[in-house]
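Now for the letters of each chain:
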Amino acid sequence: MEVKTARLADRPDMRDKVLGMADSWPRFVIEDLVGTYHFLRIAAELPEYVLFAEDEHGRVVANAFSVPFSLAREGRGELPARGWDEMLLWAFSDLRRGVRPDTVSAVSVSVTPDAQGKGLSALMIRAMRDNARALGFGEVVAPVRPSAKHLEPHTPVEEYARRVRPDGLPQDPWLRVHARAGATLDSVAPASMTVAASLADWRRWTGLPFDTAGDIEVPGALVPVRCEPERGYAVYVEPNVWMRHPL
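To start, this report covers the structure provided alongside it. (Residues numbered from 1 in each chain as written. Predicted model: local features only at pLDDT ≥ 70, side-chain atom pairs only at ≥ 80, totals over all residues. Heavy atoms only, no water.)

## What about the environment of Thr194?
For clarity, the threshold we go by: By definition, any uninterrupted DSSP run of H or I lasting at least four residues is a helix, any uninterrupted run of E lasting at least two residues is a strand, and each is numbered from the N terminus. Only protein chains enter the area calculation, which uses a 1.4 Å probe; residues under 20% of their type maximum are buried, those over 50% are exposed, and those in between are partly exposed. We call two residues in contact whenever any of their non-hydrogen atoms come within 4.5 Å of each other.
If you trace the backbone, Thr194 turns up in strand β6 (residues 184-198). Under the relative-accessibility criterion, Thr194 is labelled partly exposed at 33%. As a C-alpha pair, Thr194 and Gly232 span 38 residues in sequence and 17 Å in three-dimensional space. Excluding its chain neighbours within four sequence positions, the residues that come into contact with Thr194 are Asp32, Leu33, Asp85, Val235, Tyr236 and Val237.

## Observations concerning the pattern of salt bridges
Under the convention used in this document: Salt bridges are identified by distance alone: a Lys or Arg side-chain nitrogen within 4 Å of an Asp or Glu carboxyl oxygen.
Taken as a whole, this structure holds 22 salt bridges when the rule is applied. For Glu228, the salt bridge identified is with Arg231, shortest N-O distance 3.2 Å. Taken together, the salt bridges that share partners define one network made up of Asp215, Arg226, Glu228 and Arg231.

## Some remarks on the nonpolar core
Worth spelling out the cut-off: Nonpolar cores are built from buried Ala, Val, Leu, Ile, Met, Phe, Trp, Tyr and Cys residues. Side-chain atoms within 4.5 Å join them into one set.
Of all hydrophobic cores here, the largest spans 75 residues; its most connected members are Ile42, Val67, Leu88, Trp202, Phe210 and Tyr236. When residues of this core are assigned to their parent elements, the largest contribution, seven residues, is made by strand β3 (residues 60-69). With residues up to four places along the chain from it excluded, the contact list for Phe210 reads Leu199, Trp202, Arg203, Ile216, Val218, Val225, Cys227 and Ala234.

## Focus on the packing of helix α2 (residues 33-45) against helix α3 (residues 83-97)
Put simply, the test is: Axis geometry follows a simple rule: fit a line to the C-alpha atoms, using only the stretch in contact for helices, then measure angles between N-to-C directions, giving values from 0 to 180 degrees. Note on terminology: angles under 35 degrees are roughly parallel, angles over 145 are roughly antiparallel, angles of 65 to 115 are roughly perpendicular, and the others are oblique. Rotating anticlockwise by less than a right angle from the far helix to the near helix defines a left-handed crossing, while the corresponding clockwise rotation defines a right-handed one.
The N-to-C vectors of α2 and α3 enclose an angle of 45°; their axes lie 10 Å apart at closest approach. Classified by the angle between their axes, α2 and α3 sit oblique to one another. Considering only the axes of α2 and α3, their crossing is left-handed. Residue-level inspection shows Val34, Gly35, His38, Arg41, Ile42 and Glu45 of α2 in contact with α3, the latter providing Trp84, Asp85, Leu88, Leu89, Phe92 and Leu95.

Dropping the structure here:
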């Protein structure tokens, strides 16, 4: 597959194709309220941080979203335990207040289902790094969703994230892609994303009954979903792993 990458800021005509690109995210993941409110704002307000890959037929086969923020701002300094959600809140708070950013954070890297396994995710990470460097930044950080963690929902994420192969690279495939691009593991964000919803919503999203109190294993979930039938809701708190890419 021959692809070329571009920034949405340079190709605004591709906005609908980039935002409408098919992906393979589990349905419940896109129901995080912080993400629901802020994600589309990136393309509208920060298009220079939106990248996409286009194949030889003009089809968008991958995209990468990122945002700038100030990590050195007073009260911060460390990557947040509330990972993905707090990073988005910091970025748009800084944008609103005119705070000068010093760091770029990855928000998502997506590849269309039929183009997966062709190295496009690594290509988009490299493009994101190159874009941040060209914009004058010295570091990209990423709240990474370990791609195979869903196979071990009861394994503590700290234990899982620090497993390595004999060659020293992370055991998890997506963490490994970041490591190969030059990133190092910084910390775990134990509450990176929270999805709290009614049992009816969870049943609709997953096809599961959600009628038993306690932890429910959900396909695609990195940790079990906590179900409270007597109260009528279930809550998913997803951990991510902060990776740091020096440029």
